[in-house]
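# Results of the structural survey
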Amino acid sequence: MQSNSTHQLQGENLSCTRDDRELFTGLGFTVHPGQVLLLEGNNGSGKTSLLRIICGFREPDTGAVRWCGEEIPQSQYYSDMAYVGHLDGIKKELTVLENLKLSLALGQPGKLTIQKALDKVQLSGYEDTLIQALSAGQKRRLSLARLLITHNVLWILDEPFTSLDKQGIELIESLMAEHCANGGMIVMTSHHDVNLQGVDVQRIRLS
Amino acid sequence: MAMFDAFAAIVRRDLVLAMRRRSEVANPVLFFILVITLFPLGIGAQPKLLQAIAPGIIWVSALLATMLSLDSLFRSDFDDGSLEQILLSPYPTSILVLGKITAHWLTTGLPLLIVAPLLAVFLGMPNQSLSILLLTLLLGTPILSLIGAVGVALTVGLRRGGMILSLLVLPLYVPVLIFASNAVEMASSGLPVTAQINILISMLLMALVLAPWPTAAALKMSINS
């Protein structure tokens, strides 16, 4: 993992309107390496919309998102970020290994090999299992394993703890803390309390 | 080259998926075979008439079979979030989309090409036009996949996009149909077909160069909804 201190994610004066309803307006933030930006708020308060704006899927109605000072979308940004959304983005007719191999081909190799990443998320031994046969929590852990095998600095996570058990949540929290300790950054939403020790967590409350 | 690896990985993945969803993928070919085998029964004992309209029958069936298969091009990727991951890849989306279109042609266009000679014989097409039929299918079906991809990318976010898709894509398919079936017809009367073949080649090259970009842009738009 690069602990390049020049990486920086910035949101400036962002606003988003959906179906004539103003979700947020004049929102700004800056995330530096090692930091976590936690978006909080009730259902429908615009957390996912904001994440999708940060991903570049959606254009903000005003303002801009900048990566290292440059407005997205830009190619450097996409090789530095990884996104795990509501949808797992894994094919249920493929095996665990086939899914991860595709993710690896679509990105650039990261610090862990597929085997090591599977060990980390406690899915080793499932390499040749079809996704159909996995439980919801295992699928979730697989989609998070994608973060480990590709090169990335910024993780964008939409409700990463959904359908994970207590042990799974602790596991992901430890991976997140490790990512931040290595100079990575995370933007995430969560309904659960996030327990990240020794990590600089910024909170934005949307209402 | 990393970009080529990504392209190849997409093609390989879609081929593996096609193997595992065999019944779904076989549908367009079955449709193609069924429609063509029903024609002689419907027309009755008029071999001359059948022979005369054979190029049209084969090409119209190929066109409809391709249209039938279009929706599956991006549907499952859209539904399970794989499309988001493809769009977030640092590699150009148009290249990755071209990978998906290639796999689509390999699983729908190529099978049509393989069964076509048998069906042509079945319709009583003269031997000298058989090679031209195969050539037009070889050039024409990739155009259908490429043009179709733009239409699907525009409508994949809509819940009932099927009707709009046909309206969008069908007019663009018409030139391919005209030139391809005309070429086969001319060939069966022993006339030269270089002009039609050249036009099909130019349409294919144009579609190959021009279709992936609007497809990528339309996918970005569809995912936004």
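## A few points about the overall build of chain B
Secondary structure assignment for chain B yields ten helices and zero strands. In sequence order, chain B lays out its α and β elements as α-α-α-α-α-α-α-α-α-α. For chain B, whose C-alpha radius of gyration is 18 Å, the value lies close to the compact-globule estimate of 17 Å for 225 residues. For the C-alpha atoms alone, the extent of chain B along its principal axes is close to 55 × 35 × 30 Å. Out of the 225 residues in chain B, the part that is buried amounts to 46%. When contacts within chain B are restricted to residue pairs at least 6 apart in sequence, long-range pairs at least 24 apart make up 81% of them.

## Structural notes on helix H8 (residues 162-188) of chain B
Residue and element names in this part refer to chain B. End to end, H8 covers 36 Å across 27 residues, agreeing with the expected 39 Å (1.5 Å per residue, within 8%). The sharpest bend along H8 measures roughly 35 degrees and falls at Leu-170, with the proline Pro-171 sitting one to four residues further on. Within H8 the residues assigned to the buried category are Leu-165, Val-169, Tyr-173, Val-176, Phe-179, Ala-180, Ser-181, Ala-183, Val-184, Glu-185, Ala-187 and Ser-188. Packing partners of the buried residues in H8 comprise helix H3 (47-70), helix H7 (127-155) and helix H9 (194-210). In the segment just after H8, Gly-190 is the residue with positive phi, at about 80 degrees.

## Describing the confidence of the model for chain B
Residue and element names in this part refer to chain B. Averaged over chain B, the pLDDT score is 92; the fraction of residues at 70 or greater is 100%. For chain B, the element scoring lowest by mean pLDDT is helix H4 (residues 75-80), at 90; H9 scores highest, at 95. In the model output, the complex is listed with pTM 0.91 alongside ipTM 0.87.

## With respect to the interface of chain A and chain B
Contacts between the two partners involve 21 residues from chain A and, on the opposite side, 20 residues from chain B. For the side of chain A that touches chain B, the secondary-structure elements that each account for two or more residues are helix H2 (75-80) and helix H3 (96-106) of chain A. For the side of chain A that touches chain B, the element with the highest residue contribution is H3(A), accounting for five residues.

## Details of the sheet that holds strand S7 (residues 154-158) of chain A
Residues and elements named next belong to chain A. The five strands lie next to each other as S6-S7-S8-S3-S9, forming an open sheet whose pairing is parallel. Two strands close off the open sheet at either side, each with one partner strand: strand S6 (81-84) and strand S9 (200-206). Strand-to-strand twist of the sheet, defined as the mean angle between neighbouring strand axes without regard to direction, takes the value 15 degrees. For S6 and S7, the ladder comprises four bridges, and the chain directions are parallel. Residue pairing for S7: Val-84 is matched across the bridge by Leu-157. Those strands touched by helix H5 (residues 136-149) are S6 and S7, and its axis lies near 180 degrees from that of S6.

## Quick word on the pairing of strand S1 (residues 9-18) of chain A
Residues and elements named next belong to chain A. The pairing of S1 with strand S2 (residues 21-31) spans seven bridges and is antiparallel. Residue pairing for S2: Arg-18 is matched across the bridge by Arg-21. Turn length for the S1-S2 hairpin, with the two strands adjacent in sequence and antiparallel, is two residues, and the turn residue Asp-19 shows positive phi of about 50 degrees. Here S1 pairs with strand S4 (residues 62-67) via five bridges, running antiparallel.

## Brief notes about the nonpolar core
Counting 121 residues, the largest nonpolar core has A:Ile156 and B:Ile58 as the members making the most contacts within it. With 14 residues, the top contributor of residues to this core is H7(B). What A:Ile156 contacts, discounting residues up to four positions off in sequence, is A:Leu51, A:Ile54, A:Cys55, A:Met81, A:Tyr83 and A:Val187.

## Quick notes on the sheet that holds strand S5 (residues 70-71) of chain A
Each strand in a sheet pairs with its neighbour through backbone hydrogen bonds, running either in the same direction (parallel) or in the opposite one (antiparallel). All names here are of chain A. Strand order in the open sheet made by the four strands is S2-S1-S4-S5, with antiparallel pairing throughout. For this open sheet the edge positions go to S2 and S5, each flanked by a neighbour on one side alone. Lying on the sheet, helix H1 (residues 47-55) is in contact with S1, S2 and S4; it crosses S1 at an angle near 130 degrees.

## Some remarks on unusual backbone geometry
All names here are of chain A. Of note, the amide linkage connecting Ile-72 to Pro-73 takes the cis form, showing an omega dihedral of 5 degrees. Note on placement: Pro-73 falls in the loop between S5 and H2. Of note in this structure, Asn-13 is not a glycine but carries a positive phi near 50 degrees. According to the C-beta neighbour criterion, Asn-13 is exposed, with 12 such atoms within 10 Å. Positioned with a positive phi, Asp-20 is a non-glycine residue whose angle comes to about 65 degrees. Accessibility expressed as a C-beta count within 10 Å gives 5 for Asp-20, which makes it exposed.

## A few points about the packing of helix H2 (residues 22-43) of chain B against helix H6 (residues 93-122) of chain B
Axes are the key here: two packed helices are described by the angle between their axes and the distance separating the axes. Residue and element names in this part refer to chain B. At a minimum axis distance of 10 Å, the contact between H2 and H6 shows a crossing angle of 20 degrees. Between H2 and H6, the interaxial angle falls into the category roughly parallel. Crossing geometry of H2 relative to H6 is assigned as right-handed. Together, Val-25, Pro-28, Val-29, Phe-32, Ile-33, Ile-36 and Thr-37 of H2 and Thr-107, Thr-108, Pro-111, Leu-112, Val-115, Leu-119 and Phe-122 of H6 make up the contact between the two elements. For the contact of H2 with H6, the per-class residue count stands at eleven nonpolar, three polar and no charged.

## Side note on the environment of B:Met163
Mapping B:Met163 onto the fold places it in helix H8. Take B:Met163: there are 10 C-beta atoms within 10 Å of it, and that puts it in the exposed class.

## Some words on the packing of H6(B) against H7(B)
All names here are of chain B. Interaxial distance between H6 and H7 falls to 9 Å at its minimum, and their mutual angle equals 150 degrees. In terms of orientation, H6 and H7 fall into the roughly antiparallel class. Classified by chirality, the crossing of H7 by H6 is right-handed. For the pair H6 and H7, the contacting residues are Val-97, Ile-101, His-104, Trp-105, Gly-109, Leu-112, Leu-113, Ala-116, Pro-117 and Ala-120 in the first and Leu-130, Leu-133, Leu-134, Leu-137, Leu-138, Thr-141, Pro-142, Ser-145, Leu-146 and Ala-149 in the second.

Cut-offs and rules
- Residues numbered from 1 in each chain as written.
- Chains lettered and ligands numbered in written order.
- Predicted model: local features only at pLDDT ≥ 70, side-chain atom pairs only at ≥ 80, totals over all residues.
- Helix = DSSP H or I, 4+ residues; strand = E, 2+ residues; numbered from the N terminus.
- Rg over C-alpha atoms; globule rule 2.2 N^0.38 Å.
- Buried ≥ 20, exposed ≤ 12 C-beta atoms within 10 Å, placed from the backbone.
- Contact = placed C-beta atoms within 7 Å.
- Expected span 1.5 Å × (residues − 1).
- Bend = angle between axes of the 7 residues up to and from the residue.
- pLDDT = per-residue confidence, 0-100.
- Pairing = 2+ DSSP bridges.
- Axes fitted to C-alpha atoms, helices over the stretch in contact; angles between N-to-C directions.
- Core = buried A, V, L, I, M, F, W, Y, C linked by C-beta atoms within 7 Å.
- Parallel < 35°, antiparallel > 145°, perpendicular 65-115°, else oblique.
- Left-handed = near helix turned anticlockwise from the far one by under 90°.
- Nonpolar A, V, L, I, M, F, W, Y, C, P; charged D, E, K, R; others polar.

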